[in-house]
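Chain residues, written in single-letter form:
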Amino acid sequence: MKINILTLFPEMFQIFDYSIIGKAREKGLIQLETTNIRDYTLNKHKKVDDYPYGGGAGMVMAAQPVVDSIKAIKENNKGKVIFLGPRGKTFNQALALELSKEKELIFVCGHYEGIDERAYKYFDLEVSLGDFVLTGGEMASIPVIDSICRLIPGVLGKEESFQDESFYNGALEYPQYTRPEVFEEERVPEILLSGHHENIRKWRRKKSLLITKERRPDLFKNLELSKEDKKLLNEK
């Protein structure tokens, strides 16, 4: 996948030089490039913001450098233009999976008190992380890009799978354990030591359903429970 990020702070995305995404970039699975929106301003002082018409606190990002940077990147990236903003569709695992199937994407990171309304017609999709405020679109785009990239085939590796993770199937993930077998007098559940794969699978599914029901009833009520799921929940 090819990803271009339009931002005022390209250095913030050095985080993608590391860990799983960094390795995927080394393998050529992901091509990620940043562009400084400031490079496209026509203002001789390299300003990208100005006072809002009608008055009000703070500054507003000007449309010109944002639009011109999008047009320039579009010459080599025909992907959807995604803006991180409060009006957008709330980001979730389903949307991450949908976007992971794209060949190219462009992310636009806003800043200050907002962005000139006339730039919005260049966005194909607006995405929000939730009902809270961040200092800029960079902070929102990092988890969005990470969640999309890790779903690209080959990124996690053959030994890893996202299909059992929280939210992928609408439920939270089951509890995980590793060595030692006993820690602070608490022992790993015996069933996980049994080697009986089918019983382990059922135990994990039951725990996943119970945790979701307790911690995220909003998710649980939207689950389509199978006959096995209902049986597992009714077991003592």
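The name recorded for the chain in an unreviewed UniProt entry is tRNA (guanine-N(1)-)-methyltransferase, from Clostridium fallax. Recorded under Function (unreviewed entry), the UniProt text for the chain is reproduced unchanged: "Specifically methylates guanosine-37 in various tRNAs." What the UniProt record of the chain gives under Catalytic activity (unreviewed entry) is the line "guanosine(37) in tRNA + S-adenosyl-L-methionine = N(1)-methylguanosine(37) in tRNA + S-adenosyl-L-homocysteine + H(+)".

Student: Quick question: what am I supposed to make of the nonpolar core here?
Tutor: Side chains of nonpolar character tend, in soluble globular proteins, to be buried together. Counting 29 residues, the largest nonpolar core has Ile-3, Ile-30, Phe-91, Leu-99, Phe-107, Ile-145 and Ile-148 as its most contacted members. When contributions to this core are tallied by element, the ones reaching two or more residues are strand E1 (2–7), helix H1 (19–27), strand E5 (80–90), helix H3 (93–100), strand E6 (104–108), strand E7 (125–128) and helix H4 (137–149). For this core, the element with the highest residue contribution is H4, accounting for six residues. Sequence-distant contacts of Ile-145, that is, excluding residues within four places in its chain, are made with Ile-3, Ile-5, Phe-16, Leu-32 and Phe-107.

Student: Please clarify how helix H5 (residues 197–215) should be interpreted in this entry.
Tutor: For an α-helix the count is 3.6 residues per turn, leaving residues at separations of three or four pointing the same way. The end-to-end C-alpha separation of H5 is 26 Å, in line with the 27 Å expected for 19 residues at 1.5 Å each. Among the residues of H5, Ile-200, Trp-203, Lys-206, Ser-208, Leu-209 and Thr-212 are the ones counted as buried. Looking at the buried positions of H5, the neighbouring elements they touch are helix H6 (217–220) and helix H7 (227–234).

Conventions we followed
- Residues numbered from 1 in each chain as written.
- Predicted model: local features only at pLDDT ≥ 70, side-chain atom pairs only at ≥ 80, totals over all residues.
- Heavy atoms only, no water.
- UniProt positions renumbered as here; feature names shortened; annotations may be inferred.
- Core = buried A, V, L, I, M, F, W, Y, C linked by side-chain atoms within 4.5 Å.
- Buried < 20%, exposed > 50% of the residue type's maximum accessible area, 1.4 Å probe, protein only.
- Helix = DSSP H or I, 4+ residues; strand = E, 2+ residues; numbered from the N terminus.
- Contact = heavy atoms within 4.5 Å.
- Expected span 1.5 Å × (residues − 1).

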